Amino acid sequence: MSITDFLVGFWFDLVTAAILFIPLVIIELFPNPFRTKKWYNFVLKTIYLLTFSVGILMNIADIEYFRHTSTRSTGSTLTMLSYGNDLWNQLPSFIQDFWYLLLLLIGTIWFGYFFYGKYFKPKVEKVSIYKQSILFIIASLLLLSLGRGWGLRPIAPINASKYTIDQNVPLVLNSTFTIIKSIGNVTLQEKTYFDSITLQKWVNPIKQMNTPGKLNQPNIVLILLESFSVEYIGSINGDSVSYTPFMDELAAKGMLFTNCYANGKKSIDAVPSVIASVPKLMGEEFITSNYATNKIESLPKLLKKVGYESAFFHGATNGSMNFNQFAAKAQYDHYFGRTEYNDENGFDGTWGIFDHLFLPWTIDRMNAFSAPFFSTIFTISSHPPFTIPDSLKNRFHSGPTKMHDAVLYADYSLRIFFEKIKKESWYNNTLFVVTADHTPASGSPIYFKEMGNMHIPLIFFHPKLPSLSGISDKIVSQIDILPSILQLIGYPDPFFSLGNSVFDPGKGYSVSRIGNKYLIFGRHNFLVFENGKMIKMFDINDKLQEKNLLQSKPETAKYLKNKLLAYIQQYNHALITNKMTVD
């Protein structure tokens, strides 16, 4: 961190303070005869402490949350927290795990209280209304100017990139500022990087499978594993110690894609990416955005047209992440959560039902479905606070972190699921797709960097399809799952998808947006694009991202940039015009 970064950060803090306290200062400076009244000063102190406390809370909470999302919180974080009872259910575990942040919050609020009491005491002095009015006007204009900024447009988080390098942008910003500036402010704009013909050549979202399917109306079970980073998976990372022994066995039997990259950093990003082939390419999550009411293509909707019954299983408390509402929008026939499980003996005390109980229970529900069926199962136990059942704690306690133990337990739960499901009569006619929603926070130098921070597993497995096996290093992503499944079953109609089938012979890509940075993974390289500029590019095997190739490979960088811009143009147009389906 340089002195420039410090000064820029201080400037953004001043701007934030101005925004927060403009109402208070205006009230204080407004000409009035009540300055020495106790009730008046009590109101002022209350407004000050509430405003100060909320502003500090936003930043202290992000000390930990940033490690998971790799970006400052925005207004969509508040929207996400309002869904269901996630916040209240997790609050006890948050306090237990991050007690030091609570102490920091209390100490900072106390300092604010002390500072106000010492330096803002009511004074008995007679000042003319005329002088009060002049002071009120001048101070208000100064504060409004500071809060807005001095340019033609109001100051925004993007301005930080003008004064510091890209990895320090979150450092000079503060969470209160990014939240305030993003509330109700995510509106996409039409892009014209390419003409319509050229754009279709770069990225064509209308897909049509022109080859017969390898499978004839198989059942489909899609499993989303919470926070399963490649960091823990020996069959992909090559480490001698693997925390996913069962997944490694499954990968050896199926088709394993070793270069799969998530299209977002949150669970709420993963569901639309996997189910509707909609990546995270804007500053807000699709589910919380103004575009959440758009018509979308989705796996349950498309599969329904060819006779599939569908269900979404999520062991969390109903309403968590608003997944039950998205499942209804995506046209799942059934939703099963903690409420439907209806046995609180399996509750983990925070999120929902333990994986080793919920996963086998889903099989009993699937037995009641008409074939063919499509089921999506989202696990929960490898999410903070990483609770493991008391009866199994002695079995899963030897990892270097609680996260490692939770992954090992979740992998064990997956083994139990498959041991039970392979006894069912419909098992041999079932396609299994296993992937992760996103990666967790990591202290590893590899998995803290952008490439490792997005690296997740992807496995396709069918018990009776030997050709669906092997290892592929093709670049793929979550938005490719929808077209891949449809290709395998020989889906006959055109559909909308920003992804491509992983089984297509062409190149693969993964695109995403983290904060203000766009990421694109290509065949051999990975590019970071921010504020209209290419920032850095690395070889896909340069896991530590040590050698920037922007200067040595300008043509490759230009190609990836154009590919990314085409994705952005198609994405923005589809969301703005509500044309995310083939009707």
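Look a little higher up for the structure.
In this text, all values refer to a predicted model and were calculated from it rather than measured experimentally. (Residues numbered from 1 in each chain as written. Predicted model: local features only at pLDDT ≥ 70, side-chain atom pairs only at ≥ 80, totals over all residues. Heavy atoms only, no water.)

1. Some words on the overall build of the protein
Operational definition: Strands here mean DSSP runs of E at least two residues long; helices mean DSSP runs of H or I at least four residues long; both are numbered from the N terminus. Exposure classes here rest on a 1.4 Å probe applied to the protein chains alone. A residue is buried below 20% of its type maximum, exposed above 50%, and partly exposed in between. Any two residues having at least one pair of non-hydrogen atoms within 4.5 Å are treated as being in contact. Using a 1.4 Å probe, accessible areas were evaluated by the Shrake-Rupley method; residue-level cover was limited to the displayed protein chains.
The secondary structure content of the protein amounts to 21 helices and 14 strands. The proportion of buried residues among the 583 residues of the protein is 57%. Taking the intrachain contacts of the protein between residues at least 6 apart in sequence as the baseline, contacts between residues at least 24 apart amount to 74%. With the model as given, the accessible surface of the protein reaches about 26000 Å², and the carbon-plus-sulfur share is 60%.

2. Considering unusual backbone geometry
Excluding glycine, residues mostly carry a negative phi; peptide bonds, for their part, are mostly trans. The omega angle of the peptide bond from Ala 371 to Pro 372 is -5°, so this bond is cis rather than trans. One can find Pro 372 in the loop between helix 16 (355-366) and strand 6 (373-378). Geometrically, the link from Pro 384 to Pro 385 is a cis peptide bond, its omega value of 15° lying close to zero. Its location among the elements puts Pro 385 in the loop between strand 6 and helix 17 (402-421).

3. A few points about the sheet that holds strand 6
Selection rule: For two strands to be treated as a pair, DSSP must find no fewer than two bridges joining them. Only the stretch in contact is used when fitting a helix axis, every axis being a line fitted to C-alpha atoms; angles between N-to-C directions are given from 0 to 180 degrees.
Strand order across the open sheet formed by 8 strands is 5-4-6-2-7-8-3-9, with mixed pairing between neighbours. In this open sheet, the two edge strands, each paired with only one partner strand, are strand 5 (334-336) and strand 9 (470-477). The mean angle between the axes of side-by-side strands here comes to 15°, regardless of whether they run parallel or antiparallel. Relative to strand 9, strand 3 (residues 255-261) runs parallel, the two sharing 6 bridges. When the sheet's bridge partners are listed, Met 255 is paired in strand 9 with Gly 470. The strands touched by helix 11 (residues 245-253) are strand 2 (219-225), strand 3, strand 7 (430-436) and strand 8 (455-461); relative to strand 8, the strand with the most contacts, the crossing angle is about 55°.

4. Details of the packing of aromatic side chains
Operational definition: Each Phe, Tyr or Trp ring, with Trp reduced to its six-membered ring, pairs with another whose centre is within 6.5 Å; inter-plane angles below 30 degrees give stacked pairs, above 60 give edge-to-face pairs, and intermediate values give tilted ones. Here, over-ring charges are defined by two tests on the NZ atom of lysine or the CZ atom of arginine: distance to the ring centre within 6 Å, and angle to the ring normal within 35 degrees.
On inspection of all chains with the given rule, the structure shows 33 aromatic pairs. Arranged with centres 3.9 Å apart and planes meeting at 10°, the rings of Tyr 261 and Phe 521 form a pair that is stacked. Taken together, the positions of Tyr 261 in strand 3 and Phe 521 in strand 12 (residues 517-521) put the pair 260 residues apart, joining distant regions of the chain. Taken individually, Tyr 261 and Phe 521 each receive the classification buried, so the pair is uniform in this respect. Its guanidinium or amino end placed over the ring of Phe 347, Arg 338 lies 3.6 Å from that ring's centre, counting from NZ or CZ. The ring of Tyr 559 has Lys 507 lying over it, and the distance from NZ or CZ to the ring centre is 5.1 Å.

5. Details of the sheet that holds strand 13 (residues 525-530)
Across the sheet, 4 strands lie side by side as 11-12-13-14; this open sheet has antiparallel pairing. Only two strands of the sheet have a single partner each, and these edge strands are strand 11 (510-514) and strand 14 (533-539). Neighbour-to-neighbour, the strand axes of the sheet open up by a mean angle of 20°, direction not taken into account.

6. Remarks on the side chain of Lys 563
Selection criterion: Just so you know, the count uses Lys and Arg for positive and Asp and Glu for negative, and it drops His and the chain ends. A pairing counts as a salt bridge when a side-chain nitrogen of Lys or Arg comes within 4 Å of a carboxyl oxygen of Asp or Glu.
Looking at where Lys 563 falls in the secondary structure, it is placed in helix 21 (residues 554-576). Despite being buried, Lys 563 has no salt bridge partner; Asp 480 is the closest side chain of opposite charge, sitting 10 Å away. Contact partners of Lys 563, with chain neighbours within four places excluded, come to Trp 202, Val 203, Tyr 509 and Ile 520.

7. Thoughts on a nonpolar patch on the surface
Rules: Nonpolar side chains (Val, Leu, Ile, Met, Phe, Trp, Tyr) within 5 Å and like charges within 9 Å form the patches, drawn only from residues with over 30% relative accessible area and no salt bridge.
A surface patch of nonpolar side chains, about 830 Å² in accessible area, is lined by Trp 88, Leu 91, Ile 95, Trp 99, Tyr 100, Leu 102, Leu 103 and Ile 106. Considering each element in turn, the nonpolar patch owes the most residues, 5 residues, to helix 5 (residues 99-119). Turning to its location among the elements, Ile 106 is positioned in helix 5.

8. Observations concerning helix 11
For helix 11, the full list of buried residues reads Phe 246, Met 247, Asp 248, Leu 250 and Ala 251. Residues of helix 11 that are buried in the fold lie against strand 2, helix 10 (234-237), strand 3, helix 17, strand 7 and strand 8.

9. Some thoughts on the nonpolar core
What tends to happen in soluble globular proteins is that the nonpolar side chains get buried as a cluster. Our working definition: In this text, buried Ala, Val, Leu, Ile, Met, Phe, Trp, Tyr and Cys residues form a nonpolar core when linked through side-chain atoms within 4.5 Å.
One finds Met 366, Phe 417, Phe 418 and Phe 460 to be the most contacted residues of the largest nonpolar core, which totals 138 residues. Ranked by the residues each element gives to this core, the list is headed by helix 21, at 10 residues. Every residue in contact with Met 366, bar those within four places of it in the chain, is listed here: Val 221, Phe 313, Phe 373, Ser 375, Ile 377, Phe 417, Ile 421 and Trp 426. Tyr 40, Ile 56, Phe 98 and Leu 105 belong to the second largest nonpolar core, which has 13 residues in total.

10. Digging into the pairing of strand 8
Among the 7 residues in strand 8, 7 count as buried, and that is most of the element. Side chains His 455, Pro 457, Ile 459 and Phe 461 of strand 8 all project onto a buried face; the interleaved residues Ile 456, Leu 458 and Phe 460 project onto the opposite face, where all are buried too. Both strand 3 and strand 8 contribute to a ladder of 5 bridges, which runs antiparallel. Within strand 8, the residue paired with Phe 257 across the bridge is Leu 458. Taken together, the 4 bridges between strand 7 and strand 8 define a ladder with antiparallel strand orientation.

11. So, the pattern of salt bridges
One pass over the structure, following the stated rule, counts 11 salt bridges. Between Lys 301 and Glu 297 there is a salt bridge, with the nearest N and O atoms lying 3.5 Å from each other. Like Glu 297, Lys 301 is buried. The partner of Lys 517 in a salt bridge is Glu 450, and the shortest N-O contact between them spans 2.9 Å. Linking Lys 517 in strand 12 with Glu 450 in helix 19 (residues 450-453), this pair joins segments that are 67 residues apart in sequence. The burial state of Lys 517 is the same as that of Glu 450; both residues are buried.

12. With respect to the packing of helix 16 against helix 17
Note the threshold: Roughly parallel here means an angle under 35 degrees, roughly antiparallel means over 145, roughly perpendicular means 65 to 115, and every remaining angle is called oblique. Note: crossing handedness is left-handed where the near helix turns anticlockwise from the far helix by less than a right angle, and right-handed where it turns clockwise. Gly falls in the polar group here, along with every residue not listed as nonpolar (Ala, Val, Leu, Ile, Met, Phe, Trp, Tyr, Cys, Pro) or charged (Asp, Glu, Lys, Arg).
Contact geometry of helix 16 with helix 17 gives a least axis separation of 8 Å together with a crossing angle of 25°. One way to sum up the angle between helix 16 and helix 17 is to call them roughly parallel. Crossing of helix 16 over helix 17 shows right-handed handedness. Between helix 16 and helix 17, the residues in contact are Asp 355, His 356, Leu 359, Pro 360, Thr 362, Ile 363, Asp 364 and Met 366 and Tyr 409, Ala 410, Tyr 412, Ser 413, Leu 414, Ile 416, Phe 417, Lys 420 and Ile 421, respectively. A per-class count over the contact of helix 16 with helix 17 returns 11 nonpolar, 3 polar and 3 charged.

13. Digging into the environment of Ser 469
On the secondary structure map, Ser 469 appears in the loop between strand 8 and strand 9. Relative accessible area serves as the criterion here: at 30%, Ser 469 is assigned to the partly exposed category. Taking the C-alpha atoms as reference, Ser 469 lies 8.3 Å from Ala 251; in sequence the two are 218 residues apart. Not counting residues up to four positions away in its chain, the partners in contact with Ser 469 are Lys 253, Gly 254 and Met 255.

14. Here we look at the packing of helix 11 against helix 17
For any two helices packed against each other, the geometry comes down to the angle between their axes and how far apart the axes lie. Contact pair helix 11 / helix 17: the axes reach a minimum separation of 7 Å and the direction vectors enclose 50°. Comparing their axes, helix 17 and helix 11 come out oblique. On helix 17, the residues that touch Pro 245, Phe 246, Met 247, Glu 249 and Leu 250 of helix 11 are Leu 408, Asp 411, Leu 414, Arg 415 and Phe 418.

Spatial relationships are all this shows, so hold off on functional conclusions.
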